[in-house]
Every structure is written in structure tokens, then in C-alpha cells.
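Architecture and fold: a report
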Amino acid sequence: MSICAIVAVDENWGIGYKGDLLVSLPEDQKNNFKVKTMGHPVIFGRKTLDTFPGGRLLPGRENIILTRNMDLHVEGATILHSIEEVLEYTRKRPEECFFIIGGAQVYEQFLPFCDTCIVSKIHKQFDADAFFPNLDNLKEWKIYSREAIVNSVKGVTFDIWTYKRI
């Protein structure tokens, strides 16, 4: 079993502001996020579901929602209620790669269990109130690869870094 975080961060490792993404990057979503997560289970918090267009689940992936709300039911999703329950679920599928896709609390809870982080680094600073841990400052993480800089239609550039736990 492999657990991988996939995230877009600004220059301060910010990921969100007032419950939304800092900026939507269609090129990152289509050519990075979708390509890498397609066919794999994605794990996210209930608040992240609220940021999806129309609150719809991501197609082509098993959607696993982590929530404390015992009454939550989302047609087509797997609902789990604790990090322990999610980890138990992932252990039953040792061949699978699970992707953590947010939000900030979910990333923070699962980072100790991740072996890989795919980070789209946006070359700009935004107002942010939600952050991803700065992997450059954590000795257990090492840069594994870097993909070329991409110019977004949103007027920013970003590149994609892959970090591995050492």
C-alpha cells in the first residue's frame, strides 16, 4: 500500500483561503492531478467535497470521504470516520496507491503515513489561511524530481515537484 499526497501550494505553502483554493489551475488539474489520480482512490475531508463543482464526486476514482459526521451519506462515496479507520481500509489493499487530496487538516493527519508528495509549486503568493507543511524544512523529505515550469491561463507559472520520504 502506498499513500501519496497531491497538492498545489503558493510560495508560502498556502493551499486555501476561506474554504476555497487559492487559484484554480486548469493545466495542473487536467495534466497533473487528473492524470496521476485517475483510477486510484482519493481521500479527502467533507469540506473539500464542498469545493468540487456542484459538490459532485471525482469520476473514475473511488472517493473516500473522511468525516466525523456519522450521519453523512454521499451516493457513490466510501465514508470513513477516523484516520485509524482510513488506514485500516488502505491496509486491506496493499497493491493500491491512495491519494490524499485535502484539505489542510486531512493533509496534516496523513503526512506521517505518506511516502510520496506531489507538489505543484505556484510562483506567486496569495492570501491564505490554510497551509501544507513546508517539505523543504522537514529532514525526512527529499526532492526526487521536478517537472518543467508551466504557464497557466490564470497568469501564474508553476512547476511540479515530487518529494519522497527518506
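Look a little higher up for the structure.
Since this is a predicted model, take the numbers as computed values, not measurements. (Residues numbered from 1 in each chain as written. Predicted model: local features only at pLDDT ≥ 70, side-chain atom pairs only at ≥ 80, totals over all residues. Heavy atoms only, no water.)

Digging into the side chain of Thr-67
Among the secondary structure elements, Thr-67 is positioned in the loop between strand 5 (63-66) and strand 6 (78-80). Looking at Thr-67, its side chain comes within polar contact range of the main-chain nitrogen of Asn-69, at 3.0 Å. Excluding anything up to four places from it in sequence, Thr-67 contacts Arg-46, Leu-72, Ile-79, Leu-80 and His-81. (Helix = DSSP H or I, 4+ residues; strand = E, 2+ residues; numbered from the N terminus. Polar contact = N/O pair within 3.5 Å; in protein donor to acceptor, adjacent residues only side chain to side chain. Contact = heavy atoms within 4.5 Å.)

Re the pairing of strand 4 (residues 42-45)
Burial along strand 4 is two-sided: the face carrying Val-42 and Phe-44 and the face carrying Ile-43 and Gly-45 are both buried. As paired strands, strand 4 and strand 5 are joined by four bridges and run parallel to one another. Looking at the pairing, Val-42 lines up with Asn-63 of strand 5. Each parallel crossover has a hand, and the one from strand 4 via helix 2 (residues 46-51) to strand 5 is right-handed. Two strands pair when backbone bridges link them, and strand 4 and strand 7 (residues 97-100) are joined in this way by two bridges, in the parallel orientation. Note that in strand 7 the partner of Ile-43 across the bridge is Ile-100. (Buried < 20%, exposed > 50% of the residue type's maximum accessible area, 1.4 Å probe, protein only. Pairing = 2+ DSSP bridges. Right-handed = clockwise from strand over helix to strand, strands pointing away.)

Things to note about the pattern of salt bridges
With the rule as written, the count across this model stands at seven salt bridges. Among the ionic pairs, Lys-92 bridges to Glu-88, the shortest N-O distance being 4.0 Å. By relative accessible area, which is 61% here, Lys-92 ends up exposed. The partly exposed category is assigned to Glu-88, whose relative accessible area is 46%. Arg-93 serves as the salt-bridge partner of Glu-96, at 3.7 Å between the closest nitrogen and oxygen. (Salt bridge = Lys/Arg side-chain N within 4 Å of Asp/Glu carboxyl O.)

Digging into the pairing of strand 5
Of the two faces of strand 5, the one lined by Asn-63 and Ile-65 and the one lined by Ile-64 and Leu-66 are each fully buried. As defined by bridge partners, strand 5 adjoins strand 6 across three bridges and the pair is classed as parallel. By the bridge assignment for strand 6, Leu-66 is matched with Leu-80.

Describing the state of the cysteines
The tally for this structure, following the rule as stated, stands at zero disulfides. With no disulfide of its own, Cys-4 has Cys-97 as its nearest cysteine by sulfur position, at a separation of 5.3 Å. Cys-4 gets classed as buried once you look at its relative accessible area, which sits at 3%. Free cysteine Cys-114: the closest other cysteine sulfur is in Cys-117, separated by 5.0 Å. (Disulfide = S-S within 2.5 Å.)

Focus on the environment of Phe-113
Looking at the secondary structure, you find Phe-113 in the loop between helix 4 (104-110) and strand 8 (116-122). Residue classification places Phe-113 among the partly exposed residues on the basis of a relative accessible area of 41%. Considered as a pair, Phe-113 and Cys-4 are 109 residues apart in the sequence and their alpha carbons are 8.6 Å apart. Beyond its immediate chain neighbours, meaning those up to four positions away, Phe-113 contacts Ile-3, Ile-83, Leu-87 and Arg-165.

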